[in-house]
Protein chains: 2
Amino acid sequence: MKLALDAMGGDNAPQINIDGAKLALAEVPTLEKLYLVGREEELRPLCEAAGIADDPRVVITHAPEVVTMEDSGLMAVRQKKHSSMSVAVDLVKSGECDAVLSAGNTGAAVAASTIKLRLLPGVERAGIVSMLPSAHGHTMVTDTGANPDAKPSHLVGYAVMGALMAKYIYGRPEPQVGVMSNGTEDCKGSEFSKETYKLMAELDKEGLFPFNFIGNCEGHDIFETELDVALTDGFTGNILLKSVEATAKFFSHTLKQHIKESAVAMLGALLMKGPVFKKLSARMNPDAIGGNPLMGVNGVSIIAHGSANGTAILNAIRMAEAMCKNNINDRIIAAMEPISAALKARG
Amino acid sequence: MKLALDAMGGDNAPQINIDGAKLALAEVPTLEKLYLVGREEELRPLCEAAGIADDPRVVITHAPEVVTMEDSGLMAVRQKKHSSMSVAVDLVKSGECDAVLSAGNTGAAVAASTIKLRLLPGVERAGIVSMLPSAHGHTMVTDTGANPDAKPSHLVGYAVMGALMAKYIYGRPEPQVGVMSNGTEDCKGSEFSKETYKLMAELDKEGLFPFNFIGNCEGHDIFETELDVALTDGFTGNILLKSVEATAKFFSHTLKQHIKESAVAMLGALLMKGPVFKKLSARMNPDAIGGNPLMGVNGVSIIAHGSANGTAILNAIRMAEAMCKNNINDRIIAAMEPISAALKARG
């Protein structure tokens, strides 16, 4: 795999990207080329310090501009043509790279990937898939921010893309897909979620949906049941994702705070460190996933958390590798062909 | 305070309501009358077993029907006029009680309270306010399920009602109110959230909003910042609330699972029980709040979780008492008068 890394993206860029690059060069054997895109004058000394400047797989690609978190997504693509993010996406567009990864401005990464790489045949809108920990491994929540005002037909595409991730990346043989709602009964939902439910149920009944549609689902289904894909619009999905992350962080913070208040508890915590807290962190910390794919674009595009560290970047590169190796995009095209035709026939 | 308790509501009813009633009779000195509404033949023996049947404050009020979780909200109100829920709400409508509490079907509790009690002057729609733990105490999230397809003007009402709860029940002198969105920048949001933002900002600029409007907010703001009220529609709010609860439960479950895997960890957990885990549970367990008020109706109506236990019922009764004592509804009427006029003038 050849990967373009937006080395200037992220709250603690470029250092975290250099850290991640170093880890990936050591741990991802299929990484043939790693393009580090950004201000060469900043990147080269950091690469030298990390001992990766002379690695034959590393290509430092100069890009003078940087997209900030304040830039609007569309404006960043139009006005900062020489940003590290734009140039990184261009490397996939031109075919030099298979995948692009950025921990920068999410809206700009979505816009750059969608505009430059374009959508896969049959896909109406790109969507971000986020993996949350669950009893059976991971549940995909999609969309988590690319498309705040989604239409029901967009969610049909997200259903297919999320289920393909569950099947080929997370090894779930028969992915179960549900529509997030304010109650599991058929009658529950907003006008939008009820329309989505209806459309999914119709496609399922006609034998056009190649996975298991299970109806409405709720928060606890994500964590406790066999659910694989939780469908929602990018507005609700983004709020859901960030609230879940914030809850886990608050839980962990409150736990630490109470431990500090008691010497006995501190001893207890010491005994629990290896067997419990390390495992818990590996399960609940978003860095363990590293990045969320923007699915539906013609190329692999991974968006990492702004707060990503080197480990997160490594894990996001692993995600890109798994998606390339499993030909996820070819599978999307094949799965969407009959569904897209049926959606078009409905008008 | 005189309170009507829907004794048949909740997954483990009626026992949990009898448990809660017994606790409240012992611990809430201002509880003058407690109407236990439901099937007398079931309730009386349970009250006798709990030793509260002869308490002069207890009134067992017979209601032959029970609203189930499968009943649709509106149909339950129309067709089960003699349900424990309907009869309990009627006790507030007739003025015999100040407040009603139910752990039954939320949709039915919302419908019964709204239809029978009607809305307060100036309030366009009733909304549920849920309290989440935060660094400064509690953040109100509203609406969490009464109104899935809300309009921006409905959220203005929720802003006022949530802020009044923060101020008078949780002692926050200058409540901060934000609009939940997929990013904090002004430009972020769905069409709906952006319209809500705009309307809130206009009312604030005109000096009509008597609290602090701080713009967009996200999941982490609920837990980590000085935010007091997070505004959203009932669809997104319900998904947010249930996902937060599910995350806390999953975190706690995973923690317990890892503890069980190691004898050393079990010893550590034993040391942490009192100083850490009990405090953490008191902070994260929804039973510590007990019930969420349905605000905007003419009377105090509290909706408890279906999985409520006796402690949750006690705490929900305490919430009702605090709302009555602080004349929250009179304050809503006063605060909504100029805002409602301004909203009407806009058309």
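Just so you know, these numbers come straight off a predicted model, no measurement behind them.

Considerations on the interface of chain B and chain A
Item 1. Taken together, the contact between chain B and chain A spans 57 residues of the former and 57 residues of the latter.
Item 2. It is Phe235(B), Phe250(B) and Phe251(B) that lose the most area in chain B upon contact with chain A, and together they represent 15% of the buried surface on that side.
Item 3. Remark: the boundary between chain B and chain A carries 6 salt bridges.
Item 4. Its salt-bridge partner being Lys279(A), residue Glu261(B) comes within 3.3 Å of it at the nearest N-O pair.
Item 5. Across the contact surface, chain B and chain A share 7 residue pairs in polar contact (both at pLDDT 80 or more).
Item 6. Contributing elements (two or more residues each) for the side of chain B that touches chain A: β5 (127-134), α7 (191-205), α8 (219-224), α9 (234-260) and α10 (263-284) of chain B.
Item 7. The element best represented in the side of chain B that touches chain A is α9(B), accounting for 20 residues.
Item 8. Its residues placed into classes, the side of chain B that touches chain A shows 27 nonpolar, 20 polar and 10 charged.

Side note on unusual backbone geometry
Item 1. Going from Thr142(A) to Asp143(A), the amide bond is cis rather than trans, its omega being -5 degrees.
Item 2. By the element assignment, Asp143(A) lies in the loop between β6 (137-142) and α6 (152-168).
Item 3. Note the cis peptide between Ala13(B) and Pro14(B), where omega equals -5 degrees.
Item 4. Tracing the backbone shows Pro14(B) in the loop between β1 (2-6) and α1 (15-27).
Item 5. Unusually for a residue other than glycine, Asn327(A) sits at a positive phi of about 45 degrees.
Item 6. Assignment of secondary structure puts Asn327(A) in the loop between α11 (310-325) and α12 (328-346).

Looking at the sheet that holds strand β11 (residues 300-304) of chain A
Residue and element names in this part refer to chain A.
Item 1. Within the open sheet, the 11 strands sit side by side as β3-β2-β1-β4-β11-β10-β5-β6-β9-β7-β8. Their pairing is mixed. The sheet terminates laterally at β3 (58-62) and β8 (212-217), the two strands that pair on one side only. The sheet shows a mean angle of 25 degrees between the axes of neighbouring strands, taken without regard to direction.
Item 2. Two strands pair when backbone bridges link them, and strand β1 (residues 2-6) and strand β4 (residues 99-102) are joined in this way by 4 bridges, in the parallel orientation. In the sheet register, Ala4 faces β4, and the bridge partner there is Val100.
Item 3. Those strands touched by helix α7 (residues 191-205) are β7 (176-180), β8 and β9 (229-231), and its axis lies near 160 degrees from that of β8.

Observations concerning the environment of Leu155(A)
Residues and elements named next belong to chain A.
Item 1. For Leu155, the location among the structural elements is in helix α6.
Item 2. On the basis of relative accessibility, which here comes to 1%, the residue Leu155 falls in the buried class.
Item 3. Discounting chain neighbours no more than four positions away, the residues touching Leu155 are Ala150, Phe192, Thr196, Leu231, Thr232 and Asp233.

Focus on helix α4 (residues 84-93) of chain B
All names here are of chain B.
Item 1. Burial within α4 is extensive, with 8 of its 10 residues counted as buried.
Item 2. Turning to α4, its buried residues number three or more, namely Ser84, Met85, Ser86, Val87, Ala88, Val89, Leu91 and Val92.
Item 3. Buried residues belonging to α4 abut β1, β2 (33-38), β3 (58-62), α3 (73-79), β4 (99-102) and α5 (106-117).
Item 4. Gly95 lies just past α4 and shows a positive phi near 90 degrees.

What about the sheet that holds strand β7 (residues 176-180) of chain B?
Residue and element names in this part refer to chain B.
Item 1. With mixed pairing, 11 strands are arranged side by side in an open sheet as β3-β2-β1-β4-β11-β10-β5-β6-β9-β7-β8. Edge strands, defined here as strands with exactly one partner in the open sheet, are β3 and β8 (212-217). Ignoring which end each strand starts from, the neighbouring axes of this sheet average 25 degrees apart.
Item 2. When β1 meets β2, the two strands line up parallel, connected through 5 bridges.

Considering the pairing of β7(B)
Residues and elements named next belong to chain B.
Item 1. Among the 5 residues that make up β7, 4 are buried, leaving the element largely enclosed by the rest of the structure.
Item 2. Two elements, β7 and β8, share 5 bridges in a ladder whose sense is parallel. Looking at the pairing, Val179 lines up with Asn216 of β8.
Item 3. For the crossover that starts at β7, traverses α7 and ends in the parallel β8, the hand is right-handed.
Item 4. Bridge analysis of β7 against strand β9 (residues 229-231) gives 3 bridges, and the strand direction is parallel. In the sheet register, Gly178 faces β9, and the bridge partner there is Ala230.

A word on the packing of aromatic side chains
For any pair of aromatic rings, the description rests on two quantities: the centre-to-centre distance and the angle between the ring planes.
Item 1. Under the definition given, this model contains 7 aromatic pairs over all chains.
Item 2. Measuring from centroid to centroid gives 5.6 Å for Phe209(B) and Phe211(B), while their planes differ by 70 degrees, and the two rings are edge-to-face.
Item 3. Using a relative accessible area of 5% as the deciding quantity, one classes Phe209(B) as buried.
Item 4. Here the guanidinium or amino end of Arg331(A) rests over the ring plane of Tyr168(A), the centre of that ring lying 3.7 Å away.

So, the relation of the copies chain B and chain A
Item 1. Once turned by 180 degrees and shifted 0.0 Å along the axis, chain B lies on chain A with an RMSD of 0.0 Å. The relationship between the two copies is best expressed as a two-fold rotation axis. In terms of proximity to the rotation axis, the leading residue of chain B is Gly268(B), whose C-alpha is 1.8 Å off the axis.
Item 2. Most of the interface of chain B is mirrored in chain A, where 100% of its interface residues are also at the interface.

Regarding the pairing of β3(B)
Residue and element names in this part refer to chain B.
Item 1. As paired strands, β2 and β3 are joined by 5 bridges and run parallel to one another. Counted as the bridge partner of Tyr35 is Val59 from β3.
Item 2. Between the parallel pair β2 and β3, the chain is carried across by helix α2 (residues 40-50), and the sense of this crossover is right-handed.

Definitions and limits used
Residues numbered from 1 in each chain as written. Chains lettered and ligands numbered in written order. Predicted model: local features only at pLDDT ≥ 70, side-chain atom pairs only at ≥ 80, totals over all residues. Heavy atoms only, no water. Contact = heavy atoms within 4.5 Å. Buried area = accessible area lost by both parts, 1.4 Å probe. Salt bridge = Lys/Arg side-chain N within 4 Å of Asp/Glu carboxyl O. Polar contact = N/O pair within 3.5 Å; in protein donor to acceptor, adjacent residues only side chain to side chain. Helix = DSSP H or I, 4+ residues; strand = E, 2+ residues; numbered from the N terminus. Nonpolar A, V, L, I, M, F, W, Y, C, P; charged D, E, K, R; others polar. Pairing = 2+ DSSP bridges. Axes fitted to C-alpha atoms, helices over the stretch in contact; angles between N-to-C directions. Buried < 20%, exposed > 50% of the residue type's maximum accessible area, 1.4 Å probe, protein only. Right-handed = clockwise from strand over helix to strand, strands pointing away. Phe/Tyr/Trp six-rings, centres within 6.5 Å; stacked < 30°, edge-to-face > 60°. Lys NZ or Arg CZ within 6 Å of the ring centre and 35° of its normal. Least-squares fit on C-alpha atoms with pLDDT ≥ 70 in both.

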